[in-house]
Every structure is written in structure tokens, then in C-alpha cells.
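Read off the chains here:
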Amino acid sequence: MQKLIPLLFVFLSLCCFQCTTESKVESTPEIDREYHLMAYMTGYIGKGGEIDGIRNPVLRALKGEHIRITMINGETMSHDVTMEKAGVQSAAILDEGDSVSIQFEATEDDMYYCSIPGHRPTMEGQMKIIDPMLSAGEVAGVIPVAEGNDLNFDFEYNTLEDWTATGTAFKDQPSSDRATDIYDEKTMRDLNVSGQYFVTSGGTMNYADTGTLTSRSFEITAPFAAFRVAGGALKETRVELVDADSDEVFFEITGNNSARFRPVVVDLSDRTGQHMFIRLIDREDGKTKISYVRENKWSHINFDDFRFHQTRPFYIDELHPEDIVILPSRDVVAHAGLSAEEAIEAMEMLDGFSIQLAASEPDVVRPIAFTMDYRGRLWVVEAHTYPQRAPEGQGRDRILIFEDTNGDGTLDKRSIFYEGLNLVSGIEVGHGGVWIGAAPELLFIPIDESGSLPAGEPEVLLDGWGYQDTHETLNSFIWGPDGWLYGNHGVFTHSKVGKPGTPDADRVPLNAGLWRYHPTRHEFEVFAWGTSNPWGVDFNEYGHAFMTVCVIPHLFHAIQGARYHRQAGKHFNPYTYDDIKTIADHVHWVGNNGPHAGNFRSASAGGGHAHSGATFLQGADHWPEELRNNLVMNNIHGYRTNADVLNRDGSGYTATHGKDFIITNDAWSQWLDYRFAPGGSMYAIDWYDKNQCHSPNPDVHDKTLGRIFKISHEEDQFVTIDLSEKTDAELVEYQLESNEWYVRQSRLLLQDRGGSPEVYAALKSILNDNPDITRKLRALWTLHVTGGLSDEDLVALLDHESEYLRSWAIQLMMEDKSLPDGALDKITEMASADNSALVRLYVNSAAQRMAPEDRWDIVAGLCSHYADVNDHNLPLMNWYAFEPLIDLDVERAMQMAMEAEQPLILQYTIRKTGTMDDPVAKKVLQETKEKLEDKFTAEKNHEIREELELLLSDAG
């Protein structure tokens, strides 16, 4: 509680900030000092003058000066700029190139930051009030001496005397401030050179050379030193200060991706009397094997003017190591553009595993999605149309069927199921046909009795799917344990989904999240909202869904009704206020400066921010126990398959970084998805391409390559099987298999057949008598999809000893958004009294599916658990269920929020109430302020009262 309440002032004042900003702008005299900041997720980058190129630069001002900060958006993502103490906040802007300003009087040291949820950790900096006596003028110093002579540390004699060079980077040095072969003319004018000469390892015109430049050693005779540096913010372009006796590097700094020299100050007070030397390093050539990544012209380092100082010098544009986003060394990728056979030879696997080439070009090209049927055959989509949707009738995508007929590991039988499709991005097989995602449509193609040919033309089930960004369309199709078809959708594609002919007002808007579609009732809904560009989803052994995503942290536990961290844009519900973050305790990129800063330099952390595919290792039971139930996903920039280890935590999970499952060592490899086979092996499709990132330009993507690989354990066996030939009893028995392929395929077939008394009896025997909770769950799910559960069965399960069965009973009975008789009272009781956070989470999801007027007591019960204050999901989920109640009865809602044991509920209730143009709401806020006397400690009460006073003042 104490951690949450202080945020009240920041968040609830948003409506007041704009008013405050405008009033200050009107009364502000002429601007004394102006700063420009470029906004990125990695931080604010100074633009122009003394802050140019510095990340989150210290902004300085004299006390009483009137300041303007102009923020320019450097990317398509929501950003703003807020002053913490001055109480001003800009509007949020989304589009790249947009700008916004704030103005205020500098009266004290302050912090500027981005208030968008999740952005502040990398987007904040200081505003410092400076002493007018220190605001101008250069700081004198002395050049170090050796053998009675000043050392050549300002290079004004145009020589490299006292220095030793290796390699070619520092040939023909020093350089003049009038040189024409280092930077363009405009950049040269802004170098800020202290004299005429300096040294550089090439500038932006000659950055490819590498080498070192090392000074002779000298005695440290002062407690401080200063020098000037410029160039690239790369780990391998740096200045090192080195202890001459031990060769220990005791200080290092890079440039900051700017040619403008900036002073650096080093504290040497504990080293006076010792000897040191200076070493300049450039091991970056700026080149890359990755075709779409431009050469890095900042692959160089500039240096000048090393001096000693008896007191610490002050520079208004001083550069600190912490100001710089330093890129580590580029990952060494051994291979690129290999043949399919060579690609396998380059791969690294865990002990006991091997990889075979199952198929490759020209038999398969551009495989974007695939699935597996009840015969163990692979259904593969070739995406020849991507990245642009073709004119109507000119689509070239097709569906292929592959089969291994003899067990040699190769898919020796290949047939074409359907051609002429357009912008296909998802596929699943079941219920007598093929389910195809081809924006703007979800299609169904019936399969004939042979099982290999279409029985008719595609039927449009849903339309309105967007394709503004053609790599963020509907994707990752998979049958859920509840019998629905699930799929993902990206954040930069905007859809309004409905059956053909549905009026726009009745369609479902979607621009990021997990959706589902019922194959027989033909119902569509969004299961969970948010994330970025998810391109993988799977269900663990308890039926819980997990999504893998790109750019933002990579893994989310997908809960019905949840709203998740978005890469960009806002949630449809404006009262969301905050969203649920990743369950992972790690990211797969290096550093704390955001995902893109680590591109192609993050092998040590798992590879990078882009992920595709999501598969739980639930195949044959002879696979190593430590791998089972790990979630694997491909790391596109890391050329590897990551593995996360999931553990239950509160109402959900945490995920830790496991050992990478496969490393391809190939810059062109782009595995997109995985599927288990009946023999225990796992298949993977590889969109093999020199271009790893989406581009709308079709010419940057390879059009001739594609692979399918088979990953096997040494104990895997080849199996030929056709589950459609099995009896109902045999399909029920497959629910006990360890290999999830049998479980899912047999459940799908039983769902299609519709069940029988014998099937229900056998499944209920498993549900009631099998000691393994995962087998009980499989029986429950199969009973549900076959129509074998009565309302009485589900209500009875609400008292089951297993939290998993209680929770799933709640979800299944609320599938049609109505409760059976007697269930409402029981679920209301569970909201208050059930000791399982997981069950309370499912109660919450069910409450969100009820009409708001029916959920009052349930939501009150959920909010009564102080133990859930720090739960990863429940506080926000409870707010999502609570929030509509405010519109029904603001007085009752505020009273319930006052009684809630989770302070976030009161915090957000006050905030929403403050947005209501309603005299009753204003009255409620005034009464709430008076009631807070006994609610919290004096300190917390003061914070909330202060916030309420701002809201009430603004309302008045």
C-alpha cells in the first residue's frame, strides 16, 4: 500500500497538469533558455548545443530563468515530457517527428521524465540549478610532464610524439579542425576543438579502420584530470586510463554518437603519485553481415586535450559514462546464406538431440505458418504474396501438405492443397477443414473425404481484419483446450472484426492481443488485450495460455479479460490507467537502455528482442525431465531457440531464463514456429532470409528459400498413425498420453464426433479417479468440448480440492456469459473466501463477463484480500472488473473503494471520479476527502488529500 499511494499525486493530477501548463505559458515572459530532446524508448537524446547526442542529459539553468523544453518524437510510440517538481506535463504524442513543448520557471533542482507507464526507467534526467559564477568560461589545467617535458596530449605540434599506434585506425594523425576527410563540412564546424589539432580513428568518412593508440606512462600529480572525447557509443571504441604498474583499466568512456567534443572529468585523488598511461581503442569496423543493417559510421573514437587539475573542474557540457547508451561488441555470427545442408552442420544442440533436414527449397519456400493433423502430416503455408497484399484475385500464397512415409526423417511426400490465397499468416486444421488467416478475412476451406483435397471454395467466416502492417496480422493459430480457435494480433494493425455484413458499430475493434473463435457456434471475442507484435501462443499442461512477443519484454501469461503492456498506443478503455507487465524476470537483450540498443549485440542475454513461435516441451516422456514444460521460442536476432522455465507465483507465473535449446549460428535463420509429432520429435519451419525485419518493400526479402527441420531426441521413434481410424474409447485413452500431440488431436476428433454416453462415462472416470491433476483437467476439457458436462457437474466442481479444477469450472460455466442456477452465490462466496489466488483470478475473469450490475458483491469480495496487494495480476484485474461500477453508482463505488484492501482500487476510483462532469461525483470527492482521516497513516492521508484538493480545485 505504501508503495502504491505515492503514485496518486502523479497519476490523478493529469487533468490538472494541462491546465497548469497552459496558465504558466500565458504568464511566462520571454524564454531565457531552451532545450531540445529527441524521445526514444532508450531515453531522451539531447539535440543541439551542449547536450547534443547525450542520453538523458543534465539540463542546466540559472535560478529564476524561464525554460522551454521541446520534445521531438524519434519513433512511432507514445511519449511525453513531465517536470516532477515544477508540475508541468506535455501532451502525449505518438507519431515520429511530432513535437510538443513545456515552459516553466527554474526555481530548484528537478527531474524531467516520461510519464507513460513503463517508460520512466529509461526516460528521465535531471534539471540542475547552476551557480552563476560557474556558468561560463573555460577551466584551466596543466598538461602532464615526463622527464621535464610537457607531453604531447593536445597534439598542437601536429605529431604523435609520446604515442604508439597499432593497426591502421590512427594512421596520418593528428587531424586538423580544417580536415576534409573526417566529417562533412557542417559537422567540422561544430567539433568544439580546443585548439587546431586532435586525434581520431577515422571520423564518419573513414570509420572502417581499426587499431589502438597508447601514450607513454606518466606520473599522476593532481587529484583530477579532464580530457575531451567524441565519436561512437560502442564498447570497442573507447578511451582507457590504465595503471602503468598493474595494467589495470581504472576508467573508460566511449563517445556518445556525436562528433562534438565534450569534456570528461576523472577523480584521481586516490592515485596521486602513481603512474598511468592513456589508451585509445577502436576495434569496430562498422560493417555487418546483416544486409538491412547499415554500416555504423560512428565506429570511431576522437580524443584531445588531457590535463591535470588541482580542484575539480566544472563544465556545463560535461559528459559522464552514465549519460551514454554504450553498445557492446557486435555478436560474432559465424555463418550466413548457407545451403540447407550446411545450415544443419552449423547448428548447436543439447546433448542427446539431433537435427535433420526434413524439407527445403525448392520444395518449400517462404513458410510463414504451419500445423499438424491427426495423421502426423504437416500443413504448411507458403507466403509468396507477403509483404504486400496482392490485388483481388492475384494472390499467390498456397497450402502444402508434407508427410514422412518411410521414417527416414525427410518429408518425402508433398502435395498442394490449395493455391491462389492472399496474404496468409495463420493456419490450423480441424472440424473437417482448414482455418486460414488471410487479412482482411478468416477463411474456412472444407477438406474432402481423401483428407488431402479441398471439398469446396473458401468460406469467409469473419472479415475486417486489418493489414496496415502486414507482419502484424492475425497469426499463430492454435486450438485451445476449451475447443476454441485462438490467435494473435499485432499492435500496429487496426481491425474491426465481424461476420460479413456486420455494421461497423457492431464490430469488435482489435489492435493488439489474443483473440478466439468458436468453430461451431461461430462466436468471436478478444480473450486478452495488449502486448506488441505477438507471434506465438501455446497452452501449458494446466491449460494456461502464454504469448511470446517482440520489442517489449517477451513473455506474457494470457488471462481472460487482462490488459497487457503495449508497445505503442492506448488501450480502448481510457480508464485502464495501468496494464499488466511481463512475467519474465529477464529480457533477451543486453543493458538497461531498451531493446533496440541491444540489436545484434545481445547473444550473452539470449539474442535480442524479436521472438516468434511458442511451444511448451510436452512431447515424449523420454525427453529430459529438466526440459519438460519449458517454453521454447525462436529469437530472431539471436539465431537461436530460447527456453524459459515457468514457476507458479501467486495467481500466475514467473519465468526465468533457461539454457538455449538450439543455436543456429546463422544470420539468415528465422525459425517461425514449432510443432510436436506423434513419435516425440519436433518440427520447425525456417523463413530463411537475409532480411530479418519486416519491410513493406518486397524486393528486400528473399523469394526462393525456406526450410523445415526435424529436432529429435535419441530415443524418439518414427510412428505412423491415423487417429481418425481410432475408436472413441481409444481416443479417450489418449488423454492419458505424455505426448501432447495425442492429447490435443484426440480431443479435437472427439469434439468433432460429439461424444456419447460411453465417452462421457470414461472421461468422468478419469476426472473423478485419476490422481494426476493434469489428467483430470484433460478429461474436464474433453467433456466440455463434447457436451458432456451438465450445469450441476460444473457447480459441483466449485468445491473441488484442486484450485485448477475450481478455476476451470468457473471459466467453462461462464463461456456463454451466463451462470447456471446456484452458481452466482457460490462464486460470490469464493471471491471473498477462496484461499487460492489462481481461483480468485478466474473469478475476476468471470466477473468481467457479467453485466456490471450483477458483479458488485463479487468485486467487493475480490478487493477484500490484502494478501493480493503485491500479486502480479490481481490488483489491476480487480480494477478492470471494478471500474464500470463507478458509472452505475459513484457513491456506492467510492464507498466500496474505501473499504478495499488494495489501495490501487481507491487510487484509480478517485482518478476516474475526478474526470466525471457530474455534481454527484464532485460531492463524492469532497466527502471522500473528509473520510480519509482514518483510512491511512497521516503521511498517506496527506498525499491523498493533496491530490483530492487538486481535483476539487480544478473542478471548481
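Residues numbered from 1 in each chain as written. Predicted model: local features only at pLDDT ≥ 70, side-chain atom pairs only at ≥ 80, totals over all residues. Heavy atoms only, no water.

K.L.:
Quick question: what am I supposed to make of empty space enclosed by the protein here?
P.N.:
Empty space left among the atoms is revealed by rolling a probe the size of a water molecule over them. A full pass over the atoms with the stated rule returns 6 cavities of 30 Å³ or more. Its volume calculated, the largest cavity comes out at about 410 Å³. Taken together, 28 residues line the largest cavity, and the ones lying closest to its centre are E428, I478, R675, R744 and Q745. Broken down by secondary-structure element, the contributors of at least two residues to the lining of the largest cavity are β25 (367-372), β29 (424-430), β33 (475-479), β39 (536-539), β43 (611-616), β48 (671-676) and α6 (740-753). Ranked by residues supplied to the lining of the largest cavity, first place goes to α6 with 7 residues. Of the residues contributing to the lining of the largest cavity, the split by class is 12 nonpolar, 9 polar and 7 charged. (1 Å grid on protein atoms, 1.4 Å probe; cavity = no way out; pocket = protein on both sides within 12 Å on 5 of 7 lines; lining within 4 Å. Points joined across faces, edges and corners; volume = space filled by probe spheres on them. Helix = DSSP H or I, 4+ residues; strand = E, 2+ residues; numbered from the N terminus. Nonpolar A, V, L, I, M, F, W, Y, C, P; charged D, E, K, R; others polar.)

K.L.:
Before we go on, may I ask you to explain a negative patch on the surface in this structure?
P.N.:
Taken together, the side chains of D791, E792, D816 and D821 define an acidic patch exposed on the protein surface. Structurally, E792 is set in helix α9 (residues 791-797). Judged by relative accessible area, which is 60%, E792 ranks as exposed. (Patch = residues over 30% accessible without salt bridge, like charges linked within 9 Å, V, L, I, M, F, W, Y side chains within 5 Å. Areas by Shrake-Rupley, 256 points an atom, 1.4 Å probe, with all protein chains shown as cover. Salt bridge = Lys/Arg side-chain N within 4 Å of Asp/Glu carboxyl O. Lys, Arg positive; Asp, Glu negative; His and termini not counted. Charge placed at Lys NZ, Arg CZ, Asp CG, Glu CD. Buried < 20%, exposed > 50% of the residue type's maximum accessible area, 1.4 Å probe, protein only.)

K.L.:
How should the pattern of salt bridges be read in this particular structure?
P.N.:
A full pass over the atoms with the stated rule returns 54 salt bridges. Close ionic contact of R516 with D482 constitutes a salt bridge, the shortest N to O distance being 2.9 Å. Highlighted residues: R516 in strand β37 (residues 513-517) and D482 in the loop between β33 and β34 (485-489), separated in sequence by 34 residues. Note on accessibility: R516 and D482 belong to one class, buried. One network of salt bridges, with partners in common, ties together K235, E236, R238, E240, E252, R279 and R283.

K.L.:
Would you mind going over the packing of aromatic side chains with me for this structure?
P.N.:
Inspection of the entire model under this criterion finds 45 aromatic pairs. Plain terms: the ring middles of W808 and Y842 are 6.2 Å apart, the flat faces sit at 55° to each other, and that makes the pair tilted. On the criterion of sequence distance, the pair formed by W808 in helix α10 (residues 803-813) and Y842 in helix α12 (residues 837-849) is long-range, its members being 34 residues apart. We note that W808, like Y842, is buried. Members of the aromatic cluster, each reached through a chain of ring pairs, are F153, F155, W163, F218, F227, F303, F306 and F308. A cation sits over an aromatic face here: R389 above Y467, 5.7 Å from the ring centre. The ring of W856 has R892 sitting right over it, with the charged end atom 4.0 Å from the ring centre. (Phe/Tyr/Trp six-rings, centres within 6.5 Å; stacked < 30°, edge-to-face > 60°. Lys NZ or Arg CZ within 6 Å of the ring centre and 35° of its normal.)

K.L.:
Sorry if this is basic, but what is going on with the confidence of the model for the protein here?
P.N.:
Detailed reading of the predicted coordinates is not advisable wherever pLDDT is low. Residues of the protein with pLDDT of at least 70 account for 93%, and the chain-wide mean is 91. Per-residue pLDDT stays below 50 along residues 1-28; that stretch engages in 57 contacts with residues further than four places along the chain or on separate chains. (pLDDT = per-residue confidence, 0-100. Contact = heavy atoms within 4.5 Å.)

K.L.:
Looking at this model, I keep getting lost on the packing of helix α15 (residues 890-899) against helix α17 (residues 919-931). Mind explaining?
P.N.:
A packed helix pair is summarised by two numbers, namely the angle formed by the two axes and the spacing between the axes. Between α15 and α17, whose axes approach to 10 Å, the crossing angle comes to 25°. As the angle between them shows, α15 and α17 are arranged roughly parallel. Of the two elements, α15 crosses α17, and the hand of that crossing is right-handed. Taken together, the residues of α17 that come into contact with α15 (itself represented by V890, E891, M894, Q895 and M898) are V920, A921, K923, V924, L925, T928 and K931. Residues that form the contact of α15 with α17 fall into these classes: 7 nonpolar, 2 polar and 3 charged. (Axes fitted to C-alpha atoms, helices over the stretch in contact; angles between N-to-C directions. Parallel < 35°, antiparallel > 145°, perpendicular 65-115°, else oblique. Left-handed = near helix turned anticlockwise from the far one by under 90°.)

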